[in-house]
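Letter by letter, the chains look like this.
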Amino acid sequence: MTTAAAGRQVELEIGGMTCASCAARIEKKLNRMDGVTATVNYATEKARVSFDGGVAVDDLIATVEATGYSAVLPAPPADPADQSGSAGSAGSGPERSAPDELTSLRQRLLTAVVLAVPVIAMAMVPALQFDNWQWLSLTLTAPVVVYAAWPFHKAAWTNLRHGAATMDTLISVGTLAAFGWSLWALFFGTAGMTGMKHPFEFTISRGDGSGNIYLEAAAGVTAFILAGRYFEARSKRKAGAALKALLQLGAKDVAVLRDGREVRVPTGELTVGDLFVVRPGEKIATDGTVREGNSAVDASMLTGESVPVEVAPGDGVTGATVNAGGRIVVEATRVGADTQLARMARLVEDAQNGKAAVQRLADRISAVFVPVVIALAVATLGYWLGAGEGASAAFTAAVAVLIIACPCALGLATPTALMVGTGRGAQLGILIKGPEVLESTRAVDTIVLDKTGTVTTGVMTLTEVHVAEGEDEQTVLRLAGALEHASEHPIARAVATAAAERTGGPLPVPEDFANVPGLGVQGVVEGHAVLVGREKLLNEWTQFLPAALAAAKAAAEAKGRTAVAVGWDGAARGILVVADAVKPTSAEAVTRLRALGLTPMLLTGDNEAVARAVAEEVGISADHVIAEVMPEDKLAVIKRLQAEGRSVAMVGDGVNDAAALAQADLGLAMGTGTDAAIEAGDLTLVRGDLRVAADAIRLSRRTLGTIKVNLFWAFGYNVAALPLAAAGLLNPMIAGAAMAFSSVFVVGNSLRLRGFKA
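Nothing here was measured: the structure is a model prediction, and the numbers come from that model.

A. Structural context of the side chain of Thr222. In this structure, Thr222 sits in helix 8 (residues 215-236). Within polar-contact distance, the side chain of Thr222 engages the backbone oxygen of Ala218 at 2.8 Å.

The structure is reproduced here in structure tokens:
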């Protein structure tokens with residue numbers, strides 16, 4: 001406790017929130033405390049609180065609990081050595097609570113669905129109304145109202161104690177009113193008599209209600225809304241997965257040099273100053289400095305640089321990047337929470353917590369609708385009692401107001417549109433994480449595109465072949481490809497792969513192969529002494545580039561591409577141009593995004609020349625190119641654009657994009673990218689095709705529009721029927737028909753999303 005207080009900032013895990021208004025209520029209560037500034041995020045179920053020395057953490061927890069919710073300090077992170085799953089008790093508390101909550105919700109939903117279906121069927125189909133069917137309905141409905149709907153009743157009671165009203169209040173009051181009135185009608189009215197029927201009579205008449213039961217409304221509303229809550233909880237459960245995905249990117253163990261021998265230990269046991277070995281293809285365990293060996297490090301995941309970085313003794317390397325070349329020995333300079341990967345995890349967490357929780361439209365309406373309906377029910381009761389119509393007629397009218405005000409269709413409005421929209425999205429390669437995502441798509445006006453792996457393929461590719469006068473392209477490719485095939489370098493792999501494809505046959509095996517650190521490779525292929533690499537390597541063997549090849553090399557480098565020189569038998573023979581190729585669909589995608597009213601921008605950690613060349617190829621203006629940015633800078637760019645009043649969407653695929661994706665108003669992650677980016681994004685584009693980003697925004701906007709139309713009609717039918725209910729003229733079958741029709745309309749309107757075309 002003392003440690004947390006000394007830092008004057010603490011993060012609390014909040015329990016018991018059921019909607020965004022709960023988060024707003026807790027935030028308001030905390031901010032009323034002297035010296036306290038708090039933000040509460042409903043999606044992550046966390047409160048970030050800054051406070052002065054006069055406030056203790058216990059005071060903050062007590063305030064949250066007095067508001068009707070639970071608050072605990074998060075458990076300390078498990079030791080990396082324990083993450084194999086054997087121990088890790090530290091992570092078991094909150095980690096287990098989310099699945100337990102989801103399991104409980106699933107059990108309640110299954111109970112409600114299994115029991116509610118026959119109740120609704122018997123109430124709506126007169127042919128199924130056998131003698132004493134109403135008593136079977138009561139038996140089936142009781143567990144639904146008492147057990148399955150318990151979370152709504154509990155939340156409603158919490159809201160009542162604090163003078164607030166949400167959707168939970170409306171659901172609880174409506175279902176209890178319907179169930180309570182049905183009990184009265186069955187035991188004290190005429191509804192319990194053998195042979196009782198629910199006929200279809202569309203007549204407006206005043207009655208005492210003693211022969212009417214509303215069990216199908218109580219069971220149906222509970223089942224529908226539990227379904228919506230379950231799918232929402234399932235998506236919300238992934239809110240913190242970006243951090244786990246980031247931390248899991250690091251190496252799990254490492255070969256440390258101890259007394260001249262290699263000893264494999266868990267990465268968590270590394271200390272500053274340790275020397276460790278990284279072989280080709282392995283992840284670098286932590287941030288450090290190269291002490292022995294030369295290699296190329298693929299840092300695109302962290303920095304966005306498409307070309308692997310050459311490293312030699314004295315150069316710094318970053319944990320979680322991949323050694324793509326030779327064996328190196330690294331001295332650890334930062335470990336644990338000080339590494340760049342850990343700092344990026346904190347950036348993602350800060351961005352997620354800083355996101356304003358989206359207030360749900362249904363909750364905003366309920367905040368006004370619920371008190372009005374309850375006041376109207378009380379006024380109706382008072383009026384009819386005062387008019388001398390008798391207690392039975394007065395209670396019938398008052399309860400009718402509550403029952404008709406409980407909108408069955410409201411429970412279907414969001415989940416059906418969301419299920420149909422997300423289902424159609426999945427068919428098109430678009431994964432939408434939850435309803436709050438849809439709100440973000442509405443106002444987006446700027447879309448920031450990461451370059452490497454998003455606009456481009458993210459893989460080095462041979463794009464051009466230039467040969468000296470009198471040389472054959474096939475021969476240049478075959479000899480260079482044969483030599484590069486023996487190298488582990490990503491650029492070498494690009495040349496070897498293209499050579500094998502374009503020459504149409506197996507590449508010859510080189511002899512006397514040697515790697516020249518930092519310059520290239522050399523060897524004997526089919527009797528020729530071949531050199532492949534930098535121009536400097538050929539110059540050392542007096543193989544100078546002729547003017548045409550020198551011009552081709554200069555042109556390629558001006559565009560930020562990598563030029564590989566090829567020579568043999570005393571002469572330079574060709575230039576191979578390797579680059580991170582632009583995806584063939586990216587230019588069309590940019591055009592589509594513009595058509596949606598969005599301003600595309602290119603954001604990359606790569607150099608300015610590469611970025612401008614890619615932007616020109618896909619149709620992004622030079623004014624909208626931001627290059628050579630580190631992960632922290634990407635986050636800062638998004639914040640700056642938001643500070644300018646823009647609503648920003650971000651498309652990315654790498655770890656270096658995760659924090660920016662979380663900060664953006666709408667994060668779109670390429671499904672071909674890293675888990676960290678996918679988890680930090682709001683939408684996932686499964687195919688890795690940038691055109692799908694435009695489809696995703698269109699589908700999200702269409703789904704949001706459908707939800708709004710659904711909500712309008714869900715409330716519209718109920719509001720229209722309220723005057724009839726208050727007048728005591730509400731026939732139960734008209735109410736049932738109105739509810740059924742509004743539900744059918746909502747489902748039918750949602751199903752229209754199945755026709756959405758990419």
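B. Fine view of the UniProt feature "transmembrane region" (unreviewed entry) in the protein chain. Annotation from UniProt places "transmembrane region" (unreviewed entry) at residues 109-127, 133-150, 170-193, 213-231, 365-385, 391-414, 709-727 and 733-751. Within the segment residues 133-150, helix and strand shares are 94% and 0% respectively, and the terminal C-alpha atoms sit 25 Å apart. Split by type, residues 709-727 is 95% helix and 0% strand. Its first and last C-alpha atoms lie 28 Å apart.

C. Highlighting the sheet that holds strand 6 (residues 261-266). An order of 6-5-7-13-8-11 is seen for the six strands of this open sheet, with the pairing classed as antiparallel. Each of the sheet's edge strands pairs with one partner strand only, and the pair in question is strand 6 and strand 11 (316-317). In this sheet, strand 7 (residues 275-278) lies alongside strand 5 (residues 253-258) in antiparallel orientation, the contact comprising two bridges. Considered in strand 7, the bridge of Ala255 is made with Val277.

D. Highlighting the nonpolar core. Judged by nonpolar contacts, the single largest core of 52 residues is most densely connected at Ile213, Leu215, Leu226 and Val401. At the level of secondary structure, the elements contributing two or more residues to this core comprise helix 4 (92-124), helix 5 (133-148), helix 7 (167-187), helix 8, helix 12 (361-386), helix 13 (391-405) and helix 26 (691-726). Top element by residues in this core is helix 8. It accounts for nine residues. The next biggest cluster of nonpolar side chains, apart from the first, holds 46 residues, and it includes Leu428, Val437, Ala611 and Leu753.

E. Structural detail: the environment of Val577. With respect to the helices, strands and loops of the structure, Val577 is situated in strand 21 (residues 571-582). Along the primary structure Val577 and Thr463 are separated by 114 residues, whereas in three dimensions their C-alpha atoms are 5.8 Å apart. Residue contacts for Val577: discarding those within four places in its chain leaves Thr461, Leu462, Thr463, Glu464, His466, Ala556, Arg561 and Thr562.

Analysis parameters
Residues numbered from 1 in each chain as written. Predicted model: local features only at pLDDT ≥ 70, side-chain atom pairs only at ≥ 80, totals over all residues. Heavy atoms only, no water. Helix = DSSP H or I, 4+ residues; strand = E, 2+ residues; numbered from the N terminus. Polar contact = N/O pair within 3.5 Å; in protein donor to acceptor, adjacent residues only side chain to side chain. UniProt positions renumbered as here; feature names shortened; annotations may be inferred. Pairing = 2+ DSSP bridges. Core = buried A, V, L, I, M, F, W, Y, C linked by side-chain atoms within 4.5 Å. Buried < 20%, exposed > 50% of the residue type's maximum accessible area, 1.4 Å probe, protein only. Contact = heavy atoms within 4.5 Å.

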